[in-house]
Amino acid sequence: MASAEEIADAYADWRARSNGNERLRKMVRGWNRIVHLHTTDTDESFTLSVLDQELSALTRGGVGQPDLIVTGSSEDFCDMFWGDLNPSEKYMSGEIKLAGSGEDVMRLDAISMVAFLDQ
Amino acid sequence: MTDRRADTGGHAVGEQSVPATHHGGEELRRALGLRTVVSTSTGLAFAAVEYLAAAGLVVYVAGDSAWIAIGVAGLLALLAWGFFGELNAMFPTAAAIRLYMKRSMNDRSALTITFTYMTTIVLVIAADAFIVGTALTHAFSEPSWVAALWILGLLGAAVASNLRGVRIAGGLQDVATYLVLAATLVVGVAALAKSHHALRFPLSPLHGHSPASFIEAVALGVFLFSAFEWVTTSAEEVRHPAHIHRGMLIAIGALFVVTSLVATSMSHVLDHQQLKSAYPQLLLGRAAFGQAGLWLMAVVTAMTALNTFNGGFITASRFVYGTAREGSLPRQLAALNDRAVPWVPVVGLGALSLAVALVVALTHSWQVLVAVGAGLEAMIYAVAALCTLRLRRRAPEHPRPFRVRGIAVLGVAGLVIFSVLALVASLSVDGSFNPAPLIIIAVCAAISASYVLFVLPKVQAAEARRRAATGRRRPPRAVPVDPGTGDVPPAGA
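Residues numbered from 1 in each chain as written. Chains lettered and ligands numbered in written order. Predicted model: local features only at pLDDT ≥ 70, side-chain atom pairs only at ≥ 80, totals over all residues. Heavy atoms only, no water.

A. Main features of the overall build of chain A. The helix and strand inventory of chain A stands at 5 helices and 6 strands. For a compact globule of 119 residues, the expected C-alpha radius of gyration is about 14 Å, and chain A comes in at 13 Å, within 12% of that figure. Taken along its principal axes, the extent of the C-alpha atoms in chain A is 35 × 30 × 25 Å. Expressed as a percentage of the 119 residues in chain A, the buried residues total 63%. Put simply, 67% of the contacts in chain A that link residues at least 6 apart link residues at least 24 apart. By element, 49% of the accessible surface of chain A is carried by carbon and sulfur atoms, the whole surface being about 4,200 Å². Of note, chain A has its 11 positive side-chain charges centred 9 Å away from the centre of its 21 negative side-chain charges. (Helix = DSSP H or I, 4+ residues; strand = E, 2+ residues; numbered from the N terminus. Rg over C-alpha atoms; globule rule 2.2 N^0.38 Å. Buried < 20%, exposed > 50% of the residue type's maximum accessible area, 1.4 Å probe, protein only. Contact = heavy atoms within 4.5 Å. Areas by Shrake-Rupley, 256 points an atom, 1.4 Å probe, with all protein chains shown as cover. Lys, Arg positive; Asp, Glu negative; His and termini not counted. Charge placed at Lys NZ, Arg CZ, Asp CG, Glu CD.)

In structure tokens:
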């Protein structure tokens with residue numbers, strides 16, 4: 001299990017990487033969304049948002065009404081934000097669950113892919 | 001079949017208490033309601049190819065009794081609805097098909113079947129491009145070769161709008177679908193009323209036909225309902241999970257009413273030559289309202305393509321993207337453009353559909369396309385029956401908010417009936433024995449299986465090498481974490 005602090009550290013790295021990627025900023029133009037993360041093992045909630053092409057800081061708790069809800073283990077979130085885990089693999093195996101529109105799911109996955117693979 | 005979803009109850013998330021829904025107790029800001037689920041399910045099934053399939057079905061049964069074959073097909077669609085309802089309730093995700101197939105058979109078989117099934121999307125898009133192109137060519141009284149330009153233009157526009165990330169909003173999709181259904185109903189009723197003849201054999205489907213012909217009519221009838229289940233890929237965006245199986249049920253009812261009426265009115269007012277044309281719906285429109293009716297049906301045909309192109313391109317390209325991201329297809333297929341659209345699958349799907357549509361336009365073999373689609377759909381319904389049966393044994397404890405009653409009987413019945421229908425549909429074209437559809441399906445399956453057996457291991461090995469070369473970025477833990485709470489113990493503890 002990863003602690004909330006570990007998730008926050010991992011997210012901070014992901015955020016810096018994403019916000020510093022010009023191509024990614026283009027990809028999220030006009031895509032302002034609230035995303036809730038929920039850990040299944042530690043039963044914690046976090047909120048991140050994308051506003052004006054920037055990822056916000058991570059907030060503890062579910063804040064605001066979400067466009068997208070991601071549910072997974074704390075370890076998976078941590079590994080995902082560090083770029084060590086391919087979220088699509090976990091999603092296809094049912095270990096990470098999503099709720100939200102297909103388009104929003106695509107964009108969120110695009111962030112994780114472009115941030116680390118620059119594909 | 002029964003709906004056994006339990007109330008999830010309220011759930012506090014963070015600082016606020018939010019209404020109970022299926023997403024762990026949270027309400028999404030944008031979620032699909034039942035109306036949009038029904039329009040999506042109906043709209044995906046009611047492609048332009050429906051008109052040709054309905055006209056083709058009439059050949060196999062006596063005159064006006066096509067509705068009986070469609071009714072039997074509708075009952076079979078209800079059986080398929082039960083299987084998809086249960087599987088979707090178990091795995092309410094866009095990746096459901098991968099999950100339930102993987103868990104009920106091995107991953108290689110699951111991938112082979114899924115890739116083969118995806119061929120249906122190419123066929124439906126190609127068929128719709130061909131039908132809309134041909135209908136517009138006829139409506140404008142242009143020479144037949146102009147249809148190729150329409151096809152090119154339609155698919156080009158579909159690819160361009162997809163690459164720009166344009167999606168039809170739920171509201172517009174609702175309006176388009178319900179307008180198509182309403183206009184088709186009005187035209188069907190008006191054509192029947194204006195014929196001034198009583199129905200000839202409304203209750204005798206076998207009059208002058210063999211039981212084998214009736215079975216072929218039912219196999220084609222199943223195709224009229226096909227793709228209603230594609231709405232299950234929207235399971236993550238609905239307001240309530242029950243909307244999916246309820247929406248599919250309503251869609252099957254709506255499809256039965258509209259397609260029965262279309263088939264009956266076509267058989268009543270069109271002659272054999274007209275039924276075999278590539279635009280029987282335009283001729284039905286003309287029979288109902290003269291030239292205005294023909295134009296009305298031309299517009300309606302074009303509107304059906306909105307749903308097909310929108311749903312088909314998104315479903316197929318996102319599936320290919322997801323599978324490439326998962327590592328089961330080359331990673332180049334997951335490349336995104338600046339609008340976060342997987343451009344390689346979109347362009348590839350457009351090119352493939354264009355090639356198929358042009359071949360169909362040149363060879364006038366649209367009934368082969370219909371038979372391939374009917375065979376593939378019946379095949380996937382048989383697979384759904386098999387998965388439902390197997391998962392009952394392999395994962396008896398898995399929550400099933402919706403389950404089929406009497407699965408031991410219905411599951412086996414579905415497996416046998418849909419397998420037979422798949423074979424029947426793929427061995428007959430236009431009332432005669434023709435193995436071309438079966439050969440096409442077999443070639444698609446062989447290509448899929450060859451990829452899974454011979455190419456996939458190399459793709460996976462390349463991905464594993466890439467990951468190994470990258471190394472882990474996550475720093476090692478300096479202090480052990482309390483396994484009970486997940487907390488880092490305070491300093492000095």
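B. Inspection of the overall build of chain B at higher detail. A count of helical and extended segments in chain B gives 15 helices and 6 strands. Computed over its C-alpha atoms, the radius of gyration of chain B comes to 24 Å, within 12% of the 23 Å expected for a compact globule of 493 residues. If you line up chain B on its principal axes, its C-alpha atoms span 95 × 45 × 40 Å. Across chain B, the fraction of contacts at a sequence separation of at least 24, relative to all contacts at a separation of at least 6, is 79%. About 19,600 Å² of surface is accessible on chain B, with carbon and sulfur atoms providing 67% of the total. Computed over 36 positive and 25 negative side-chain charges, the separation of the two mean positions in chain B equals 6 Å.

C. Spatial organisation of the nonpolar core. All names here are of chain B. Ranked by internal contacts, the top residues of the largest apolar core, which has 189 residues, are Y100 and F228. The element contributing the most residues to this core is helix 5 (residues 107-139), with 20 residues. Contact partners of F228, with chain neighbours within four places excluded, come to S41, A45, A77, A80, W81, M248, I252, L255 and Y381. (Core = buried A, V, L, I, M, F, W, Y, C linked by side-chain atoms within 4.5 Å.)

D. Seen up close, the packing of helix 13 (residues 366-394) of chain B against helix 15 (residues 436-470) of chain B. Residues and elements named next belong to chain B. Taken N-terminus to C-terminus, the directions of helix 13 and helix 15 make an angle of 55°; their axes are 9 Å apart at the nearest point. One way to sum up the angle between helix 13 and helix 15 is to call them oblique. For the pair helix 13 and helix 15, the sense of crossing is right-handed. Within the contact between the two elements, helix 13 uses V368, A371, V372, G375 and L376 and helix 15 uses A436, P437, I440 and I441. (Axes fitted to C-alpha atoms, helices over the stretch in contact; angles between N-to-C directions. Parallel < 35°, antiparallel > 145°, perpendicular 65-115°, else oblique. Left-handed = near helix turned anticlockwise from the far one by under 90°.)

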